Amino acid sequence: MTMVRTAEEANVFPDVKVASLQMAPRIGDKAANLQRSVALIEEAARHGAVVAVLPELANTGYVFASRQEAFALAEPVPDGESSQVWLEVARRCKIHVVAGIAERVGDRLFNAALVAGPHGYIGTYRKLHLWGDEHLFFESGDLGLPVFHTEIGRLGAIICYDGWFPEVYRLLAMQGADFVCMPTNWVPMPGQVEGHAAMANTLAMANAHSNGLNIICADRVGTERGQPFIGQSLIVGAQGWPVAGPASRDSEEILYASINLRKSRSARHLNVFNDVLRDRRDDIYDPMLGTGWKLPRH
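For clarity, every value in this text was computed on a predicted model and none was experimentally measured.

Colleague: Is there a simple way to explain the pairing of strand β6 (residues 147-150) in this structure?
Modeller: The two faces of the sheet receive side chains in turn, since in a regular strand these alternate between them. Here four bridges tie β6 to strand β7 (residues 153-157), and the two strands are oriented antiparallel to one another. Opposite histidine 149, over in β7, you have arginine 154 as the bridge partner. The antiparallel hairpin formed by β6 and β7 contains two residues in its connecting segment.

Pasting the structure below:
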């Protein structure tokens, strides 16, 4: 039997429209990248989105020639120019923005994501798992896996290669995350057959399903200093099925999806017997994976 929501229930659990902003940043051209990102955020807001996710390192580009270049392009968060631009558009457009940024903290650099909302700065996530030459420029993230409580639900963030680690998703789910926002710069993977779906898409679907999470993946397109990027941004619902995308492999575009929190939070209940979080064998393994974090009360 189909359950019909009352008008009161619909107001308590309205659909949340989210957007994945696939764009083509240009290395070193922060002014142009910020201008383009703001235009995409404004367009998403005009279409009713209340969450917009930008790619990894959206303001700087990805393939740094040297640490000196990366250092020169990096900024403090949230006081730097790029953060302030994104904070302003988030306030003006009444939208939550998750944007990849090169963060400078003293002499240290982090591959980070700014989380902004209609009321200002919400928080920062720093990439835990560095990929390839990122080890030459960045420190591994030191802020853990924060979940930010907002008026539209609980937001977590990860970046690109973090998505290859199921522990990341499980710890976010255990903290009650509704949405996982993933700024990313996916590259071709070894053994990937041309024309086949991205491995990253498969991983996002699997982890969404096994944790009951909505995952918003925002990739970039284009080739930068010889490095191709594969596009195929994706929004996955909490049951593990794509609800928007994959996007194209070579063009900028915006993906939209409407997420209902009542339905997505109940997606962890697979049937009357099984729940993907309740069924964990915490007599065999630590439910918080040895982090020492305490389970939150919701």
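Colleague: What am I meant to see in the sheet that holds strand β8 (residues 179-183) here?
Modeller: Each strand in a sheet pairs with its neighbour through backbone hydrogen bonds, running either in the same direction (parallel) or in the opposite one (antiparallel). Strand order across the open sheet formed by six strands is β6-β7-β8-β9-β12-β13, with mixed pairing between neighbours. With partners counted over all chains shown, the strands left at the sheet margins are β6 and β13 (242-244), one partner each. Neighbouring strand axes in the sheet, compared pairwise and without regard to direction, differ in orientation by 25 degrees on average. Relative to strand β12 (residues 234-236), strand β9 (residues 214-218) is paired through three bridges, and the arrangement is antiparallel. Bridge pairing links isoleucine 215 to valine 236 in β12. Sheet contacts for helix α6 (residues 166-174): β6, β7, β8 and β9; angle to β8, the most-contacted strand, approximately 140 degrees.

Colleague: Would you take a moment to explain helix α4 (residues 81-93) for this structure?
Modeller: Side chains of residues three or four places apart in an α-helix project in the same direction, reflecting 3.6 residues per turn. Given a rise of 1.5 Å per residue, 13 residues ought to cover 18 Å, and the 18 Å separating the end C-alpha atoms of α4 matches this to within 8%. For α4, every residue scored as buried is listed here: Ser82, Ser83, Trp86, Leu87, Val89 and Ala90. End-on view of α4: buried residues confined to an arc of 165 degrees, all on one side of the axis. The secondary structure elements touched by the buried residues of α4 are α2 (30-46), β3 (96-105), β4 (108-117) and β5 (120-126). Just downstream of α4 lies lysine 94, where phi reads positive at about 55 degrees.

Colleague: Which parts of the structure should I look at to understand the nonpolar core?
Modeller: Considering soluble globular proteins, one finds that nonpolar side chains tend to be buried as a cluster. Within the largest apolar cluster, 51 residues are counted, with the highest numbers of intra-cluster contacts made by Val18, Ile158, Leu172, Phe179, Ile215 and Ile216. Excluding anything up to four places from it in sequence, isoleucine 216 contacts Val18, Ala19, Ser20, Val51, Val53, Phe179, Val180, Cys181, Met182, Leu234 and Ile235. Residues Ala90, Ile95, Ala116 and Ile254 belong to the second largest nonpolar core, which totals 25 residues.

Colleague: Honestly, the environment of serine 233 in this entry has me stumped. Any pointers?
Modeller: Positionally, serine 233 belongs in the loop between β11 (227-230) and β12. C-alpha separation for the pair serine 233 and valine 221, spaced twelve residues apart in sequence, amounts to 9.5 Å. A polar contact is formed between the side chain of serine 233 and the side chain of glutamine 22, at a distance of 2.7 Å.

Colleague: Could you clarify how one ought to interpret the pattern of salt bridges in this entry?
Modeller: Between side chains of opposite charge, a pair can form when the charged atoms approach closely. Applying the stated criterion across every chain, the model contains 15 salt bridges. Linking arginine 126 and glutamate 103 is a salt bridge whose minimum nitrogen-to-oxygen distance equals 2.8 Å. Of this pair, arginine 126 sits in strand β5 while glutamate 103 sits in strand β3; the two residues are 23 residues apart in sequence, bridging distant segments of the chain. Notably, a salt bridge pairs arginine 108 with aspartate 142, separated by 3.5 Å at the nearest N-O pair. Here arginine 108, found in strand β4, pairs with aspartate 142, found in the loop between α5 (134-137) and β6; they are 34 residues apart in sequence, far enough to count as distant. What makes arginine 108 partly exposed here is its relative accessible area of 37%.

Colleague: I tried to follow the side chain of serine 37 on my own but got confused; where do I start?
Modeller: Tracing the chain through its elements places serine 37 in helix α2. Judged by its relative accessible area of 0%, serine 37 falls in the buried class.

Each value, and the rule that gives it
Residues numbered from 1 in each chain as written. Predicted model: local features only at pLDDT ≥ 70, side-chain atom pairs only at ≥ 80, totals over all residues. Heavy atoms only, no water. Pairing = 2+ DSSP bridges. Helix = DSSP H or I, 4+ residues; strand = E, 2+ residues; numbered from the N terminus. Axes fitted to C-alpha atoms, helices over the stretch in contact; angles between N-to-C directions. Contact = heavy atoms within 4.5 Å. Expected span 1.5 Å × (residues − 1). Buried < 20%, exposed > 50% of the residue type's maximum accessible area, 1.4 Å probe, protein only. Arc of directions from axis to C-beta. Core = buried A, V, L, I, M, F, W, Y, C linked by side-chain atoms within 4.5 Å. Polar contact = N/O pair within 3.5 Å; in protein donor to acceptor, adjacent residues only side chain to side chain. Salt bridge = Lys/Arg side-chain N within 4 Å of Asp/Glu carboxyl O.

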